[in-house]
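Given next are the chains, with one letter for each unit.
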Amino acid sequence: MRTTLKMLFFFALTLITAANAGWKVVKKPVKLIGGAGKEFMQPRWSPDGARLAFTGAGYQGLWIMQSDGTGARQLSAEPAAGFGFEWSPDSQALVSRVAKFEKQFRYNAVKMFDLEKNEDRLLSEYRTFMPGLPHWAETGQKIYMFNRQNLEIFDTGTKALTLTKTAASNHIHFLKADKIAVGDITTGAYKVLEPLPGQTCLNLAPAPQKTKVAFEILGGNMYVMNVDGTGLVDLGEGHRPQWSPDGEYLVYMITQDNGHQIQDSELYVIRGDGREKNQLTFTNDKIEMNPSWSSDGNKIAFDVMNDGAIYVLEISK
Amino acid sequence: MKLVLTLILAILPFSELSAQVTGLAGWNIFLDPGHSQKENMGIYGYSEAEKNLRVALALRDLLLQTTDIDTVYISRTNDQQSVSLTQRTDYANSLGAAWYHSIHSDAGSATANSTLLLWGQYRDGREKIPNGGKAISAPIVNLLTRGMRTTTRGAIGDCSFYGCTFDGPYLHVNRESTMPSELSEAGFHTNPTQNQRNMNAEWKKLEARTLYWAILQFHGIARPVAGFCAGIITDLESGVPVNGAQITLHGQTYTTDTFQSLFSKYTSDPNLLHNGFYYFDNLPQTTLDLIVTAEGYGGDTSQVAVVDTFFTFKDIQLISNVPPVVLNSTPTPGDTRFPAWADLIIDFSRRMNRASVETALTLTPEVAKTFVWSNNNMRLRIHKDSLQTETDYTLTIAGSAQGQYEHRLDGNGDGRGGDDFVLHFKTGPPDLRAPLLTAVYPLDNSTAVELQPILNMRFDEALDPASITAGIFNLERFRDVPTVEGTLKHYRVGNESVLCFFPAQPLTAARFYIARIFPGLQDGFGNKIASQQMFRFTTGNATFATTNLDNFEANLNSNWFVPQQSGSTTGIITEKTSRESNTNVVNLLTTSTTSMQVNYGWDANAGAWLIRQYLSGGPPRQVLFNSSYILQVYVFGDGSGNQFRFAVDDNIPIESASNHEVSPWYTIDWIGWRQVSWDMSAGSTGTWIGDGKLDGTLRFDSIQLTYNPGSATEGTIYFDDLRLLRKTSVGVDEPAATLPSAFALHQNYPNPFGSAATSPALSGGNLETTIRYQIPGERQHVVLTVYDMTGKIVKTLVNAEKAAGDYTIRWDGKNADGQPVASGTYLYKITAGEFVQTKRMTLVR
């Protein structure tokens, strides 16, 4: 009875939508997995929409499951495996920077998880200093990462995807220290962009079409910028942006904290040009975080920090 | 990075280069100065966030400049950034940092000051993965505590410290960082001493240095030669740190902070802030001469042996060479209302030679006196026989009085010792105490109060009518009606006063009301009530049909006997006993213009006492009823302690002396108006002539009074609006009275609250705030707790099983120890089953 009441309250609040035009929630959130004693977070849709990858508390370990929450399978129990992991373009593999700790030292390595072969493969040796995160290139054949001083490219050993070539197909985007780098996978050349000079960029999110990037400024707001460095748009307060499949919108979170704990977090959607900002969740007792937009454009996966569970809600325009 | 490091090393002094530490290659650390901008303001205006940043920057410099560490990351670098918790951990995680250390200070009461290390811990007690935070916490807390020269609460898992309601860890920086982590609390920024020291630039290097040494120790790296000397310069007598002291050591000179150099950033009072802190580094391991000078003090020269393993602490106490002065006195100069019976108190600026002061002190006119010294002979209390009231006095302490170190008293404050201190004052009148509120009706926190109560406030002495102004009283219906309209009436009864408030309309059923008496009421001597008085009550929900018996507006003489006409009346002094009409003391709840006044005089030597104020005829005597009714009358009491009761005849129409029945006695211990009811359906009766049963048809007989031995033998009682009531329904016309259909935690009211807060209903401060919450359905175990912004429990207000209902709880701004908490934002959180909700409130003192 109490649980039912609580969930009704939660869902009723979540179904409330903003008055202005834009995305709205059309179906109450459905819990997929997690809870006390088995807390999960940070769900990410596979590009084909069939699966979700996610991690445990503290980004320890990596799991996948079907998009309906069934068939959960652990790929890794390694520390840090769940931070910054990325799906391959064909949804058949994941890449992450895993860590191990020996005495006081941290050792990092790039690891690929092949879901078809059900095997994982180290692409780099373990190193104490690895300040970049690995990313897939468009065709899925290569993985790139900015290392201490250079752009490092790994061959995945997989067959290249057959894609409709666009001008942006070879674009790569990564954080070089605290700046944004845009380059070409075929040449390895890149240029560094500093959209707000002197400021530190983080949580870089390239749009699926590779024409724009979203990012946060440390101690500042969330922004969108064209990959040539033009068209900077200040989107205001926001964290951990993720693009809609058409590259038009972003889903993200706005958190409140007291310097010790996150006290509240709600999910929002906004156009890349700063218009049509809509709040998706309105709860007082749930801390909704880490949204991810499904490839069909109709669903948002997210986690509730104080539940330790992953949910999906349906949206439409 | 290496290029930057090389450049930095190139400009370092040789001593630092020679202290190059190896063993950190391949390692890096993410430093997180907690909070942002000027968050978590310290007690004297220096924030935790500013302190944390400077400690982090100093530690970063130490690690980069003196070790072979790969790099040091930092979550913010200035006081302008506002960095969220998720950005801090996202940045560290993105960089793949090897370690995460968050730098903080603590908050609490002004007397609390200790260190604390919090490592990441799961709810089941295990250390978070990856491990390491717990292991490094041990050396950190040890060195940090020694460096801060305070106590410690130890190194504790964060779930154990705070209590986790989820899997944990509790602290975000421990929960979402992918590397070993911990958080250090270096003392309390709410502690006055710590906050003033935190302002000093070098003091923060102590904290950074202890963290640096702990990192080296954790890595098994030998600590480089220390060569530091630091300490506090204080005034020997007052213990107050000395501003502007100059300390010379090994050819270097350090000047302690002054108002001009530092403290003017935080206060306009040049005497408020002091830390007395000094700091030297790069010292050789040997014994050195330490020379301290300060304006207004004798100098000090000592030796200090610089140790090679830690900070060398050397505190110095200086003796002032400024003549002692009188800082404060009670009475203050020129006081014209000093209580004749009170002690005189003199506070000196320095410790005094007791014998010299006592010899030098005179009080004119002369009175016998004794002396009590305290506060290290800096406070003198002069205990004496009571002075004469409204008389001029002069207290003199001759300039021959001396301080402990033979400095003569500077009585006139001209900076030179040897002159007299002279204090003129005048004693006040005999009464210097403000009126005291001794009783209220309805009682504070009472429930099921009638819907038309007369609010009654009794004071122990007569009030000055001029002080009873329009805004002196307010009745509020909580949350939605700031002021309930009505009439406030003052009555003086003997040497006491009573204020009666007559609401203009019936109150609302089942609602919470707050009555407030604001400061300003005073007695005839001008002694004012200085603080707000308040009482609260909740109305019932019963409504009644009313039948008037007699409102005493007319025909008093024809309807009612005088007391002596009844043969039952006995034990009176007849010339002092009477019944009459009164048009001044009436019940303003109704349209009454006249009441029945009964004057009584008892013969204390009689064996029995009764006044039977008999209803002899007229329409009131024609009213018949039965025992299902309530008999009610408004009684203006005299507070005498004598008694009153109702009498009825039963078994009407049979007329018989044995048919007289009575209510229990009601002791008249109140003054002013009060509604008195006899619920005859409850079956409670008193003893007189009848059988104690209310049989058949009833008729009103009389109001009766009796003497309660030991009580007043003379007095006056007024009666108004004698009537019958019959309960008609249980009326509920407010949603608040219905059972809630959902959980709810409402915003506290008023908000902000506290002595400096105001609301439309108040001219003064709201010393407490009320929190309303609703519980639906089944019984729930409810916990409602107030937290500070660091997540620490301030006080648990509710921890009990609660049935479905609408509840309110009040918080007076005090912690669990009963101590007032500081101004600021607080959280209150309710947990009822699986319902959890948190809201914020603001306390402004």
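Report on the accompanying structure. The structure presented is a predicted model; accordingly, all values stated were derived computationally and were not measured.

### Some thoughts on the nonpolar core
Part 1 of the reasoning: Residues Trp27, Ile29, Leu63 and Ile233 of chain B are the most contacted members of the largest nonpolar core, which totals 64 residues.
Part 2 of the reasoning: The biggest single contributor to this core is helix α9 (residues 201-218) of chain B, with 10 residues.
Part 3 of the reasoning: Looking at this core, you find at least three residues from each of domain 1 (2-218) and domain 2 (228-318) of chain B.
Part 4 of the reasoning: What Ile29 of chain B contacts, discounting residues up to four positions off in sequence, is Leu63, Ile69, Thr71, Val72, Tyr73, Trp99, His101 and Ile215 of chain B.
Part 5 of the reasoning: Residues Tyr311 of chain A together with Ala92, Cys164 and Leu171 of chain B belong to the second largest nonpolar core, which totals 42 residues.

### Description of the sheet that holds strand β15 (residues 326-330) of chain B
Residues and elements named next belong to chain B.
Part 1 of the reasoning: The strand order across the open sheet formed by four strands is β15-β16-β19-β18, and the pairing between neighbours is antiparallel. Among the strands making up the open sheet, the edge pair consists of β15 and β18 (369-374). Each strand of the sheet is rotated relative to its neighbour by a mean of 15°, with strand direction disregarded.
Part 2 of the reasoning: Taken together, the four bridges between strand β16 (residues 344-348) and strand β19 (residues 379-384) define a ladder with antiparallel strand orientation. Note on β19: the bridge partner recorded for Leu344 is Ile382.

### Remarks on the interface of chain A and chain B
A common way to state how big an interface is: give the accessible area lost once the parts meet.
Part 1 of the reasoning: Every contact between the two is made by 54 residues of chain A and, on the other side, 59 residues of chain B.
Part 2 of the reasoning: Summing the contributions of chain A and of chain B, the shared interface buries around 4,900 Å²; its carbon and sulfur component is 51%.
Part 3 of the reasoning: On the surface where chain A and chain B come into contact, there are three salt bridges.
Part 4 of the reasoning: Across the pair Glu39 of chain A and Arg175 of chain B runs a salt bridge, and its minimum N-O distance is 3.3 Å.
Part 5 of the reasoning: Applying the counting rule to chain A against chain B returns 24 residue pairs in polar contact (both at pLDDT 80 or more).
Part 6 of the reasoning: Listed by contribution, the elements that provide at least two residues to the side of chain A that touches chain B are α1 (2-15), β7 (93-102), β8 (105-114), β16 (201-206), β17 (212-217), β20 (239-243), β21 (249-257) and β22 (262-271) of chain A.
Part 7 of the reasoning: It is β21 of chain A that contributes the most residues to the side of chain A that touches chain B, four residues altogether.

### A word on the packing of helix α3 (residues 48-66) of chain B against α9 of chain B
Residue and element names in this part refer to chain B.
Part 1 of the reasoning: At a minimum axis distance of 8 Å, the contact between α3 and α9 shows a crossing angle of 45°. Relative to α9, α3 is oriented oblique. The hand of the α3/α9 crossing is right-handed. For the pair formed by α3 and α9, the contact residues are Lys51, Arg54, Val55, Ala58, Leu59, Leu62, Leu63 and Thr66 on the first element and Lys204, Glu207, Ala208, Arg209, Leu211, Tyr212 and Ile215 on the second.
Part 2 of the reasoning: Here the contact of α3 with α9 is composed, by residue class, of nine nonpolar, one polar and five charged.

### A look at the pairing of strand β14 (residues 179-184) of chain A
Residue and element names in this part refer to chain A.
Part 1 of the reasoning: Where strand β13 (residues 171-176) lies against β14, six bridges are found, and the strand directions are antiparallel. The partner of Ile172 across the bridge, within β14, is Gly183.
Part 2 of the reasoning: Taken together, β13 and the strand that follows it, β14, pair antiparallel across an intervening segment of two residues, in which Ala177 is found at a positive phi of about 55°.
Part 3 of the reasoning: In this sheet, strand β15 (residues 190-193) lies alongside β14 in antiparallel orientation, the contact comprising four bridges. Within β15, the residue paired with Ala181 across the bridge is Val192.

### Notes on helix α4 (residues 85-95) of chain B
Part 1 of the reasoning: With 11 of 11 residues buried, α4 of chain B is to be regarded as a mostly interior element.
Part 2 of the reasoning: At the exit of α4 of chain B stands Gly96 of chain B, carrying a positive phi of roughly 65°.

### Focus: the environment of Ala712 of chain B
All names here are of chain B.
Part 1 of the reasoning: The topology assignment puts Ala712 in the loop between β40 (697-706) and β41 (714-730).
Part 2 of the reasoning: Classification of Ala712 as partly exposed rests on a relative accessible area of 32%.
Part 3 of the reasoning: With 73 residues separating them in the primary sequence, Ala712 and Gly639 have C-alpha atoms 8.9 Å apart.
Part 4 of the reasoning: Among residues more than four places away in sequence, those in contact with Ala712 are Tyr600, Trp602, Ser640, Asn642 and Tyr707.

Criteria and cut-off values
Residues numbered from 1 in each chain as written. Chains lettered and ligands numbered in written order. Predicted model: local features only at pLDDT ≥ 70, side-chain atom pairs only at ≥ 80, totals over all residues. Heavy atoms only, no water. Core = buried A, V, L, I, M, F, W, Y, C linked by side-chain atoms within 4.5 Å. Buried < 20%, exposed > 50% of the residue type's maximum accessible area, 1.4 Å probe, protein only. Helix = DSSP H or I, 4+ residues; strand = E, 2+ residues; numbered from the N terminus. Domains from an automatic or database assignment. Contact = heavy atoms within 4.5 Å. Pairing = 2+ DSSP bridges. Axes fitted to C-alpha atoms, helices over the stretch in contact; angles between N-to-C directions. Buried area = accessible area lost by both parts, 1.4 Å probe. Salt bridge = Lys/Arg side-chain N within 4 Å of Asp/Glu carboxyl O. Polar contact = N/O pair within 3.5 Å; in protein donor to acceptor, adjacent residues only side chain to side chain. Parallel < 35°, antiparallel > 145°, perpendicular 65-115°, else oblique. Left-handed = near helix turned anticlockwise from the far one by under 90°. Nonpolar A, V, L, I, M, F, W, Y, C, P; charged D, E, K, R; others polar.

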